[in-house]
Amino acid sequence: MAEYPLGRFVWHECLTGDVDAAVDYYGKLIGWGSMVWEGEMGPYTMFTQGETPAAGVMELPPEAKQGGAPHHWLGYISTPDTDATTEQVAGLGGGVLVAPMTIPAVGRMAVLTDPQGAVFACYTPDTMQGDVDAPPQVGGFSWHELMTTDWEAAFAFYATAFGWEKMEAMDMGELGTYQMFGVPGGERPLGGMFNKPPEVPVPNWLFYAMVSDVDQAAEQITALGGTVLNGPMEVPGGDRVVQALDPQGAPFALHSTAS
């Protein structure tokens, strides 16, 4: 296993009820292509930006459906040792949904929950894939947002498990504090976390893909059969975002920069 940097979001995966429909939707909306990787555990579909893998998409596993899991996006956080991180997460009050497993020629991963119930994965890749600290580009993921029941407890958990540090914080009035986080020495935040409003049923992660123009993309969200939940709107610094559901109900968000 490579000594991969700790605490980066290195992969994002759409778990859906119809892989072909998801490939078509996000391809038209974000401009992703697709390719199928023929691994030892069976074919796996990837979204691509040019020739570079951008994210994965797979059918929601039957056991997840039986457990009531909705269609969703899953973020993979890097660790040098998936087994040690899984043990640590359990010791910190988190849960283990999928025990550590090896994907031949890819790496080792586990699907976990934080103590408040938000689902994420940890991942130890076999090989380095590019510069994990490079600035996000169009077609990549630029922001990772946790809506939870106790952001301070959630931050303490992720800080211990993945080394995250607090960065800038914003006062959102009735919604409370929006706490940004990053890795030690990082020049920019990886995302933010805050206490969810009552209408959000459970703690969850929301992932922002970068597009060239959020306002144009927002029109496409609905034209292609998705649902806009919030926005498009300007955020501090002048960037624009929109939050939405894809046609199968998986939450996602889009982001474009001010410049």
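Residues numbered from 1 in each chain as written. Predicted model: local features only at pLDDT ≥ 70, side-chain atom pairs only at ≥ 80, totals over all residues. Heavy atoms only, no water.

A.B. asks: Hey, could you go over the nonpolar core for me, with residue numbers and the actual values?
C.D. replies: One finds Tyr26, Trp73, Tyr158, Trp164, Trp205 and Leu254 to be the most contacted residues of the largest nonpolar core, which totals 49 residues. In terms of nonpolar packing, the next biggest core, distinct from the first, is built from 13 residues, Val10, Met46, Met109 and Val111 among them. (Core = buried A, V, L, I, M, F, W, Y, C linked by side-chain atoms within 4.5 Å. Buried < 20%, exposed > 50% of the residue type's maximum accessible area, 1.4 Å probe, protein only.)

A.B. asks: Account for the pattern of salt bridges, with residues named and values stated.
C.D. replies: Applying the stated criterion across every chain, the model contains 5 salt bridges. Notably, a salt bridge pairs Asp24 with Lys28, separated by 3.4 Å at the nearest N-O pair. Placement of both Asp24 and Lys28 in helix H1 (residues 19–30) is noted, with a separation of 4 residues, approximately one turn of the helix. Take Lys28: its relative accessible area is 51%, and that puts it in the exposed class. A salt bridge links Glu59 to Lys65; the nearest nitrogen and oxygen atoms lie 3.4 Å apart. According to the relative accessible area criterion, Lys65 is partly exposed, its value standing at 41%. (Salt bridge = Lys/Arg side-chain N within 4 Å of Asp/Glu carboxyl O. Helix = DSSP H or I, 4+ residues; strand = E, 2+ residues; numbered from the N terminus.)

A.B. asks: Which residues make up the packing of aromatic side chains, and what values go with them?
C.D. replies: Scanning all chains against the criterion turns up 28 aromatic pairs. Pairing Tyr158 with Phe162 gives two aromatic rings, centres 6.4 Å apart and planes at 25°, and the pair type is stacked. Placement of the pair is Tyr158 and Phe162 together in helix H4 (residues 151–162), with a separation of 4 residues, close to one helical turn. Tyr158 sits in the buried class, given a relative accessible area of 0%. Relative to Trp164, the ring of Phe162 lies with its centre 6.2 Å away and its plane at 35°, an arrangement referred to as tilted. Each member of the pair, Phe162 as well as Trp164, is classed as buried. Put simply, the rings of Phe9, Phe120, Phe157, Tyr158, Phe162, Trp164, Phe181, Trp205 and Phe207 pair up and form one aromatic cluster. (Phe/Tyr/Trp six-rings, centres within 6.5 Å; stacked < 30°, edge-to-face > 60°.)

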